[in-house]
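Coordinates in review
Each chain, written out:
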Amino acid sequence: MKSTLLIPVLFALSACATGGANDAAQADLQASCEALVGAETGTGPSGVKAISTQSGPTGSVTSVFVAGAEAPWLCRADATGVVTGVEYSREG
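These remarks concern the structure in this document. (Residues numbered from 1 in each chain as written. Predicted model: local features only at pLDDT ≥ 70, side-chain atom pairs only at ≥ 80, totals over all residues. Heavy atoms only, no water.)

**Concerning the overall build of the protein chain**
What counts, and what does not: By the criteria applied, helices consist of DSSP H or I runs no shorter than four residues and strands consist of E runs no shorter than two, each listed in order from the N terminus. Only protein chains enter the accessibility calculation, which uses a 1.4 Å probe; a residue whose area is less than 20% of its type maximum is buried, one above 50% is exposed, and one in between is partly exposed. Contacts between residues were defined by any pair of non-hydrogen atoms, one from each residue, lying within 4.5 Å. All accessible-area figures derive from a Shrake-Rupley calculation using a 1.4 Å probe, and residue coverage is judged against the displayed protein chains alone.
For the protein chain, the count of helices and strands is two helices and four strands. Listing the helices and strands of the protein chain from first to last along the sequence gives α-α-β-β-β-β. For the protein chain, with 92 residues in total, the buried portion stands at 23%. Nonlocal contacts in the protein chain, meaning residues at least 24 apart in sequence, comprise 22% of its contacts between residues at least 6 apart. Within the structure as shown, the protein chain displays about 6400 Å² of accessible surface, and the carbon and sulfur contribution to it stands at 60%.

**What to know about the environment of Gly 85**
Its place among the elements puts Gly 85 in strand S4 (residues 83-88). Measuring from C-alpha to C-alpha, the distance between Gly 85 and Leu 74 comes to 8.3 Å, with eleven residues separating the pair along the chain.

**Some words on the packing of aromatic side chains**
Defined as follows: When two rings of Phe, Tyr or Trp (its six-membered ring) have centres within 6.5 Å they constitute a pair, described as stacked for plane angles under 30 degrees, edge-to-face for angles over 60, and tilted for the intermediate range.
Under the defined criterion, the tally for this structure stands at one aromatic pair. Ring plane angle 50° and centroid distance 5.5 Å describe the contact between Trp 73 and Tyr 88, whose orientation is recorded as tilted. Residue Trp 73 is found in strand S3 (residues 73-78), and its partner Tyr 88 is found in strand S4; the two are separated by 15 residues along the sequence. Residue class for Trp 73 comes out buried when judged on its relative accessible area of 13%.

Next comes the structure, spelled out in structure tokens:
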């Protein structure tokens, strides 16, 4: 009976381990984006929050909410995760 229980547990644990490094890298990238956008806008940490990250073969774009802004800010990073710039997603 113990071996029957062990198989599902091992399967569940292996599923958790597969994205660990990618999840940590994405969390680090989002934290960097929040800090850079906060510095650019003069907004404190409580008013800046990464809301999504879309990755592609050449890099990623993280959308960042800023309190009081009408649209999100965009944080671009290259394929290695180095932030290459931040910009407001609306003109003006």
